[in-house]
Structures are given as C-alpha cells and as structure tokens.
Amino acid sequence: MSAFHVLGRNVLNTIQGVGEATVMLAQALIGKPQPRKMFPLLMRQLYVVGVQSMLIILISGLFIGMVLGLQGYTILVDFGAEQALGPMVALSLLRELGPVVTALLFAGRAGSALTAEIGLMRATEQLSSLEMMAVDPLRRVIAPRFWAGVISMPLLALMFNAVGIYGGFIVGVEWLGVDDGAFWSVMQSSVDWQDDIMNGVIKSLVFAIVVTWVALFKGYTATPTSPGISAATTQTVVYSSLAVLGLDFVLTAIMFG
Amino acid sequence: MDNLVEIKDVYFNRGERSIYEGVSLVIPRGKITGVLGPSGCGKTTLLRLIGAQLKAHKGQVLFAGQEMSQLSRSALYETRKRMSMLFQSGALFSEMSVFENVAFPLREHTKLPENIIQTVVKMKLESVGLRGAADMSPSELSGGMARRAALARSIVLDPEMIMYDEPFAGQDPIAMGMLVKLIDELNDTLGLTSIVVSHDVQEVMSIADHLIVMANKTIVGQGSPQELRENGSELVQQFLSGAPDGPVPFHYQAKPYSDDLLGAHL
C-alpha cells in the first residue's frame, strides 16, 4: 500500500473518529433532563474526578509557583526590577501555566482513570448489561462524568493559580526579600479581571471539555481486552495532552495575539 | 405453537467474517430453549441480535411480533424492559452492593417507595438463596454467587423472557446444579420464556424443552432433547457426544503438514 493510501486511510479514520465521538457526546447530553437521577451521580463523580485530583494539583501548583518565583527573581534582580516579581508570577500562572498544567495533570490523573474505568465496564459487560436493562449507558455513565470534568477542571485551575501565587510569594518575599507591599500591589494593578483571570478560566473550560471528551470516548470505544484498555488509557493521555498544547496556542493567539 | 421470538433468514457478519448465513429459528413462549454449538459459532451473537444490541445485515428478528431493528430508540428501551439477559460474567456493578445491584432496575424504572423496594429485593434474593449476602460487594462473591445475584437482578422487574449467556461456564458441580435448578424453577414459577446458550450439553438437555444446535453459520439441528438424540446428522452427534474429531475437525485449516515441516529446509 502506498504512502498516499496510508495517509488517506488515516485521515478518513480520524474524521470517522471525530464524528463518532461527536455522536456519542450528543447522545449523552441531549435529552430530557433527569435532575433527580443525575444529581447524586454528578456529586459522586465530582468527588472522584475533582476532589481526588486536588492534592496533586495543589502540590504541583505550589512547586511551580516557587520555581517561577526563584527563576523570575534571578532574572529581574539583574535589572533592578524585582518589584515586578508579583505580576510576573501571577500573569504566568493565570494566563498559561494554571490552565495548561492543570489540564495536563488532569489528563494524567483523572482522564486516564476515566478511560480505564469505562473500558473495564465494557470488558466486564456492565455497559451491555445497562443497555439490556433499558438504561442508556451514555446518559447514565458518560453524561455525569463529562459534567464532572467540565465543572471541576476550571475550579482546580483556579486553586492551582492561588497556590502557585502563594508559592511565588514564599520564595520571592519570605526567602529572597522582595518587598511585601510591592509584590502584592504591583500584582494587583497589573492583573486584569477580564483579560487575565477570565481568559484563563475560558481556556481551562475548553481544555476541560476536550480532555474529558477524549477520555470518555477512548474508554467507551476501547477494545475490551487488557491490551485494548492499556492502549486506550495511553491514547487518552497522549491525545488530550497534545490537544491541550495545540489549543493553548490557538486560544492564546485569539486572546492575547 | 405460540412463539415469543422468531428469527427469519438472518445474515450477520463481523467485519469480513460471516457468522450467520440464512439462520431461521423460533423460541416458543413459556418454554426453556437450549442453544448449543461449538465455541465461536455465534451463540452469544444470537442473544445480542434478539436484544437488538447488534443488528442483522439481512433478515428479520421479531420479539412478540415486533421487528427489533425497526424500533425507535425509546421503543427499543421500552421493549427491553420485557426481556432480561444474564451475562457470562454476571456484569454486576462493582461500585454497588449486591442489594443495590438487585434494586437498580427498580430504582431506574419504577417509582416504588423504599419499603416496597426493600421487600421486593429481599424476596428476589431469597429466591436465589442470597438474602444473607445482600450487603456484600460483588468482589466478595464467588463466581456462582455472582451469577445468582445477577439472576436476582434479571428477574426483579418480572420480565417475559430471560436470555442466559453461558450460565454454567467455569462453575463447580454444586454451583452448576444450583443454577440448573434455579433456571428450571424460575421458568415454571414465573411463567418465563428462557433461552439458555451453553456448551454444557448434559445440563442444558436436562432442563430444555426445545433445543437448537448451531454450527457452520447455520442451524444444524433442532427439536426436543429426545428428537435431537435421534438426529441423524454427524455434526449434531459429534457435538452431543463430545467426540474430538468429526465434521468439526480437530485440526484448524492449514497447508499440508509435510509441506510445512519440509518447506523450511528447501
């Protein structure tokens, strides 16, 4: 088979995959709302997907903020501009590192777990069993996990930002001696609610949709064998990470370009 | 005879591989129908076609006179409430207790008050001998217990028909005996129609009113257990007696043995 054929087949497979993923999500989300049934399922998934991801997000945020404080200080001090450390740390986190690193960590921690869980539900015939019990697995299994991912990731990103800024403060102010008042007041005057904070939240929301969607689709369509679930879990992390990084460039160009 | 399921001239492929070529059969109402056949001949596929989890490429699958593949999504889900399937693995929900697994269809499809749900679930668990295991999680159950718990879940909505996918596979003789007894008793006491897909010839023949033997992409024999014992087909007799060689060959299709061994040195 020629390279042209292989390329053509891959393109067609990709288009088909995107189409199937769209149909899956539409069938999961469109329909008569059932708040009485959905609410407990959503709360459980918010705990599994969101609350259980908090520790890794908070610890990573703290260290990344500390590194930013240290690196920023060593550069800025050469120009006598260490008072600008506050906005540097805050803007780096709010605009880029918060949404992106949270999404990458979320893909590794919660995304892979979602794929493995749903893949195993397929392998152990739990999804077929739901269908035969006249319960739509898309509404019952996919929808609450999707909303839990979409709700929790922006909140996790905000926590990441807050802890990261505190990490920058510890290193810059407490350790390296940057003026306390300058750190906070210059940050406050430089950070814009709409341009910096809200744009970061919008980015995080887009990443949340993409990462959760990829994870759920890969789990739902996983080959129900050990190698199949293993491959699907890997694909979730790889595809969603690449999608996050690619989309980040596009969103940054639109928002700040 | 009144038939609950009718399959007419069905063709079905998995990818390039043909599974069925013109299969026609009926499942009589109120009886236990055993479906026998070698591994990979499409016995489980038959159950999935009846439940419309798979769609035939050609032919008709009728349940209570309705063409399953023509039903809308909502009508299909309504029809599925009238049937039930016991999966080979049991397919219990791992995050729920045995009690919650059995209560699940009631909570999803009825608005019964909690005290009635408690009573119905306990009755169903009692009927499969697992009332004492209500609070256990599925991971704590043995294979036979998991299947009995799944059976309690299958009958909790009082379906018209239950499809059993390899209910005896991997069970010890005691568990197998319990399942045989349960399938037989439930069919009679609840007035069910049962389809039992299995390799275990003796167990199925002991309870089935009607038997269907599948092989080579089609039906090779059907009738009562007695009629099947007297069936002249070599294929049916090989399967019933468990002979290692016969129309279903011991050797998978391959090039001549001598060519394979000597060819490497040429």
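Notes on the structure in this doc start here.

## Side note on the overall build of chain B
Counting its regular elements, chain B contains 10 helices and 10 strands. Once the C-alpha set of chain B is aligned to its principal axes, its extents read approximately 75 × 40 × 40 Å. Taken across its 266 residues, chain B has 48% of its residues classed as buried. The contacts in chain B between residues at least 6 apart in sequence include a share of 64% that link residues at least 24 apart. On chain B, roughly 12,700 Å² of surface is accessible, and the fraction owed to carbon and sulfur atoms is 52%. In chain B, 25 positive and 31 negative side-chain charges are present, and the distance between their average locations comes to 6 Å.

## Points about the interface of chain A and chain B
Across the contact, 18 residues belong to chain A and 26 residues belong to chain B. Here chain A and chain B share an interface that buries about 1,900 Å² over both sides, 53% of which is from carbon and sulfur atoms. Our enumeration of links across chain A and chain B arrives at four salt bridges. Here Asp136 of chain A and Arg73 of chain B are joined by a salt bridge, their closest N and O atoms 2.4 Å apart. For the pair chain A and chain B, the number of links is 12 residue pairs in polar contact (both at pLDDT 80 or more). Breaking the side of chain A that touches chain B down by element, the ones donating at least two residues are helix 2 (35-50), helix 5 (126-132) and helix 6 (137-175) of chain A. Sorting elements by how many residues they give to the side of chain A that touches chain B places helix 5 of chain A first, with six residues. For the side of chain A that touches chain B, the residue count by class is seven nonpolar, five polar and six charged.

## Some thoughts on the side chain of Asn187 of chain B
Residues and elements named next belong to chain B. For Asn187, the position within the fold is in helix 6 (residues 173-189). Residue Asn187 is classed as buried on the basis of its relative accessible area of 2%. Among residues more than four places away in sequence, those in contact with Asn187 are Gly30, Lys31, Ile32, Leu192, Thr193 and Ser194.

## Some details on the sheet that holds strand 9 (residues 210-215) of chain B
Strands belonging to one sheet form pairs held by backbone hydrogen bonds; the direction of such a pair is parallel or antiparallel. All names here are of chain B. Strand order in the open sheet formed by six strands is 6-7-8-3-9-10, with mixed pairing between adjacent strands. Since the sheet does not close on itself, it has two edges, and those belong to strand 6 (83-86) and strand 10 (218-223), each with one partner. Put simply, the sheet's adjacent strands are angled 15 degrees from each other on average, direction ignored. Looking at chain direction, strand 3 (residues 32-36) and strand 8 (residues 193-198) are connected through five bridges and run parallel. Opposite Gly34, over in strand 8, you have Val196 as the bridge partner. Lying over the sheet, helix 9 (residues 234-241) contacts strand 3, strand 9 and strand 10, oriented at roughly 70 degrees with respect to strand 10.

Calculation rules
Residues numbered from 1 in each chain as written. Chains lettered and ligands numbered in written order. Predicted model: local features only at pLDDT ≥ 70, side-chain atom pairs only at ≥ 80, totals over all residues. Heavy atoms only, no water. Helix = DSSP H or I, 4+ residues; strand = E, 2+ residues; numbered from the N terminus. Buried < 20%, exposed > 50% of the residue type's maximum accessible area, 1.4 Å probe, protein only. Contact = heavy atoms within 4.5 Å. Areas by Shrake-Rupley, 256 points an atom, 1.4 Å probe, with all protein chains shown as cover. Lys, Arg positive; Asp, Glu negative; His and termini not counted. Charge placed at Lys NZ, Arg CZ, Asp CG, Glu CD. Buried area = accessible area lost by both parts, 1.4 Å probe. Salt bridge = Lys/Arg side-chain N within 4 Å of Asp/Glu carboxyl O. Polar contact = N/O pair within 3.5 Å; in protein donor to acceptor, adjacent residues only side chain to side chain. Nonpolar A, V, L, I, M, F, W, Y, C, P; charged D, E, K, R; others polar. Pairing = 2+ DSSP bridges. Axes fitted to C-alpha atoms, helices over the stretch in contact; angles between N-to-C directions.

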